[in-house]
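Chains, contacts and geometry: an overview
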Amino acid sequence: MSRIASSYVRSQLRGINVRFWYYGFPRCLFRSFSASAPENSTGQSRNNHHPAKRWKDKAETVIIGGGCVGVSVAYHLAKSGMKDVVLLEKSELTAGSTWHAAGLTAYYHPGINLKKVHYYSIKLYESLEQETGQAVGFHQPGSIRIASTPSRVDELKYQMTRTHWHPTPQFLITPEKVQELFPLLNMDKVLAGLYNPGDGHIDPYSLTMALAAGARLYGAEIYYPAPVTGLRPTEDGKWDIETSQGTIRADRIVNATGFWAREVGKLIGFEHPLIPVHHQYVVTATVPAVKALKTELPVIRDLEGSYYLRQERDGLLFGPYEKQEKMKLQESWVTDGVPPGFGKELFESDLDRIMEHVEAAIDMVPVLKDADIINIVSGPITYTPDLLPMVGPHQGVRNYWVAVGFGYGIIHAGGMGKFLSDWIMNGEPSYDLIEVDPNRYGKWTTTKYTAAKARESYGFNNIVGYPKEERFAGRPTTRVSGIYEMLKSSASMGFHAGWEQPHWFYKPGDETGYRPSFRRTNWFEPVGRECKLVMEKVGVIDLTPFGKFLIKGADSKRLLDRLLANVLPKVGSTNISHMLTPRGRVYSEVTVTQLSDGEFLLVTGSGSELHDLRWIEQKAIDGAYNVEIKNVTDEMGVLGVTGPNARLVLQKLTTEDLSDSTFKFLHCRPLTLAGTSVTAIRISYTGELGWELYHRRQDTATLYRNIMEAGQDAGIDNFGTYAMNSLRLEKGFRAWGAEMNCDTNPLEAGLDYFIKLNKPTDFIGKQALLDIKAKGLWRKLAYLTLQTDNIDPEGNETVWYNGKVVGNTTSGAYSYTTKQSIAFAYIPTELNNIGQMVDIELLGHNYRATITQEPLILTEPTRTRAKKKADGK
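Residues numbered from 1 in each chain as written. Predicted model: local features only at pLDDT ≥ 70, side-chain atom pairs only at ≥ 80, totals over all residues. Heavy atoms only, no water.

Points about the overall build of the protein chain
The number of helices and strands found in the protein chain is 21 helices and 37 strands. Considered along the principal axes of its C-alpha atoms, the protein chain spans approximately 90 × 65 × 55 Å. Burial analysis of the protein chain (873 residues in total) assigns 61% to the buried set. The contacts in the protein chain between residues at least 6 apart in sequence include a share of 73% that link residues at least 24 apart. Of the charged side chains in the protein chain, 98 are positive and 97 negative; the average position of the first set lies 2 Å away from that of the second. (Helix = DSSP H or I, 4+ residues; strand = E, 2+ residues; numbered from the N terminus. Buried < 20%, exposed > 50% of the residue type's maximum accessible area, 1.4 Å probe, protein only. Contact = heavy atoms within 4.5 Å. Lys, Arg positive; Asp, Glu negative; His and termini not counted. Charge placed at Lys NZ, Arg CZ, Asp CG, Glu CD.)

Here we look at the sheet that holds strand β35 (residues 820-828)
In space, the six strands of this closed barrel follow the order β32-β35-β34-β33-β36-β37, with antiparallel pairing throughout. Looking at each pair of strands side by side, their axes are set apart by 45 degrees on average, direction ignored. Pairing analysis gives eight bridges linking strand β32 (residues 779-786) to β35, with the strands arranged antiparallel. The residue bridging Lys 780 from the neighbouring strand is Ile 827, located in β35. (Pairing = 2+ DSSP bridges. Axes fitted to C-alpha atoms, helices over the stretch in contact; angles between N-to-C directions.)

Here's the deal with the packing of aromatic side chains
A full pass over the atoms with the stated rule returns 36 aromatic pairs. An angle of 70 degrees between the planes, with centres 4.9 Å apart, marks the rings of Trp 333 and Phe 342 as edge-to-face. With a relative accessible area of 4%, Trp 333 lands in the buried category. You can call Phe 342 buried: its relative accessible area is 2%. Both rings, one in Phe 342 and one in Phe 347, keep their centres 6.0 Å apart while their planes meet at 35 degrees; by these two values the pair is tilted. With respect to class, Phe 342 is no different from Phe 347; both count as buried. (Phe/Tyr/Trp six-rings, centres within 6.5 Å; stacked < 30°, edge-to-face > 60°.)

Observations regarding the pairing of strand β25 (residues 599-604)
Both faces of the sheet carry side chains from a regular strand, because those side chains alternate between them. When you tally the buried positions in β25, you get five out of six residues, the bulk of the element. When strand β22 (residues 547-552) meets β25, the two strands line up antiparallel, connected through five bridges. Pairing of Leu 550 across the sheet is with Leu 601, part of β25. Where strand β24 (residues 586-596) lies against β25, five bridges are found, and the strand directions are antiparallel. Within β25, the position partnered with Ser 596 by the bridge is Glu 599.

Examining the pattern of salt bridges
One pass over the full model with this rule turns up 52 salt bridges. Between Asp 422 and Lys 418 there is a salt bridge, with its nearest N and O atoms 3.3 Å apart. Taken together, the residues span about one helical turn, with Asp 422 and Lys 418 both in helix α11 (residues 409-426) at a distance of four residues. Accessibility expressed as a relative area gives 13% for Asp 422, which makes it buried. For Lys 418, a relative accessible area of 29% translates into the label partly exposed. The shortest N-O distance in the salt bridge between Arg 471 and Glu 469 comes to 3.4 Å. Linked by salt bridges that have partners in common, Arg 232, Asp 240, Glu 242 and Arg 249 make up one network. (Salt bridge = Lys/Arg side-chain N within 4 Å of Asp/Glu carboxyl O.)

Here we look at the environment of Gly 844
Within the element layout of this structure, Gly 844 appears in the loop between β36 (837-842) and β37 (845-851). Using a relative accessible area of 55% as the deciding quantity, one classes Gly 844 as exposed. Between the C-alpha atoms of Gly 844 and Val 283, which are 561 residues apart in sequence, the distance is 37 Å.

Observations concerning the layout of surface pockets
When its volume is computed, the second largest pocket comes out at roughly 520 Å³. If you trace the second largest pocket, you find 21 residues lining it, with Arg 398, Asn 399, Arg 614, Gln 618 and Asp 622 closest to the centre. Among the elements of the structure, β11 (246-255), β18 (400-404), α11 and α16 (609-622) are those that each provide at least two residues to the lining of the second largest pocket. With five residues, α16 is the largest single contributor of residues to the lining of the second largest pocket. When the residues that make up the lining of the second largest pocket are grouped by side-chain class, the tally is seven nonpolar, seven polar and seven charged. (1 Å grid on protein atoms, 1.4 Å probe; cavity = no way out; pocket = protein on both sides within 12 Å on 5 of 7 lines; lining within 4 Å. Points joined across faces, edges and corners; volume = space filled by probe spheres on them. Nonpolar A, V, L, I, M, F, W, Y, C, P; charged D, E, K, R; others polar.)

So, the confidence of the model for the protein chain
Averaged over the protein chain, the pLDDT score is 93; the fraction of residues at 70 or greater is 94%. Across residues 5-51 the pLDDT falls below 50, and counting only partners more than four positions away or on other chains, this stretch makes 99 contacts in the model. (pLDDT = per-residue confidence, 0-100.)

The structure is reproduced here in structure tokens:
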């Protein structure tokens, strides 16, 4: 029987027989306490800031929390030139989750711009010792993600096309190469590997101390022990931070307190959606086969076994991610708070909980059979519902920033510290990272939801990452429209900012349910049916998740004229407008309607609701505008009715004239439809004849029933967001978050029509755009068509030309009307010509694509105008 296995058996009888050797770890790592037992330790260290020194009473930025993330923020702000940076740590640096972390560093991330965070972190860590004189213990043997099923091989190919256009070094390697790099593997199940040279691990304690040394080098002050006892906002937007040594007034505060973040948030009335998770890893004694190696083993991640494994001196360290039904949350810390004094303590280990993964590791790395366990580390790490951290300014309060919820704090610390510092210093993010925006959560994010999603996210840590992924724990929330109950049994629902929204609808004979795939799957034919419905008859779509704001007041026009690059619509009219950053990047796209003189309705995407609201509120305060801004997202329902028969259906429900000459495109009117009051806007993201009907959320069901009854003779039916996406791409419509975001300017995105550089107002970003226009564009958005085989682009794929990477797609789909795949992509201007051929990489194969004149299908208003002109009207 193996030593690891025998340890497990003995643990069932009389406790785990583990020899605790101080083997290359800080001695503090081996203190283990029950999470429920408060400690009296003060956590003092020899690096403690001397309490006799007078603390500053004023600062530009106060960072609360001395883990690697908080110290990184201090380092980057000070290095960027901020003169008064103060960091407050309640006990000692690294207390919390940093000190016991496994210290993994990886270039890989399945997302897009988070790759930039990882890349920056690794490059920083490579040079930090030389800059600060503090050793960081950085090992870079590389890492390999192991694929042992065909779906995993597809996943690696999928990730390769999302990485080729990034600087991240990443390679798809054969089993032979995997074995060459990691000769101790059992190769029976290995089909391929994803190799990232330069990956590895770092000592978290030394990293934090090096960042602290750098922060002090550039002028930051670090105080500890310095528990924060109170936070009081001042009338001018500053903060009074109360500590045992007095009060510090700061221009802004950054909450970087790890698993104490909820407590700090509660000081100002926030319930941050965070929960501590028990994460365990196992450390072995010397393994002879490891000791005999001449080079350090790369880190491996066995995706099917759901664990990571790396070399630790002459032994091994491996950490699993248990399934959601086995993993453990520290829920008492959410309800009762973190025990006082808990800092450099650990939870009691539980080998039984991870034994399934231990066995998988033994199977993959057989030398583990004869390894002695010297320690099982079980410590708290903080999870958000979706596992991604919360980084940035928080909506609802001025100058309160967060950098919390880091499940992977070591690799994120460097890049997120830089990202947050740049945002604070420059007034805008250096690139788009809306996926970590703290404002993606709202009042709907309850403690129950947070716990359910954290379990799911932890358990799904190594699940296959399919396109269009859906996760179902904690759903539905309170955010359901008035027709959710009617539709849920006949629709595949998607989750958008807490809302349930139909992706596509079932019919008899369809394969129902969520069937993820890297290729076309069970939704492909039904979505085509829905596109045909909208193009030929009439469809209804639930658009309730839209973010919706009412803005009015004496200065409403002045505020919006400053915020928006387009002119303001007249009363009763609507337009598409963009809010830009000072650098001329696209911060947001909104539909703007002037309901009455000085009263505006702004509509944005569901995922941008609080992201956009925070920006508007901030600019209103900064400019001292006299306005009232109200978020009515949860109060208003929205139904879209679109297709050639849309007017026929709605006309049955009202005495108002809905003819083209009376109710024109991009016009707005209050209507009564079969007794329900609505604000009707003639607009549709499908590009077809249609109206968006805004109404009280409690009226949605009645309005929907009346519309469906009125449309029976016209062939009315439901359609979902997948069909809408295909139809908008056929019309050449851009989408915020894809074709435009904080990485792009509106000129390269082809939004010139909506950008009024000649309007008198100096709107935000105007001068930057004038400079960009004068300098000329180096890339521009292209519209591409391609023929594929059972696969379609979706966005973020690599574009090739003559064997070189030249760009990336932003979104894509199948065009059911023209029977081909379509995509938008950013391509250098010298290649951006109609008829130019390029290649788009999909699952390891390059498909020939042609730059095509957009759009493939003219919009209904354009077709109507052309017909009138042809008819001489």
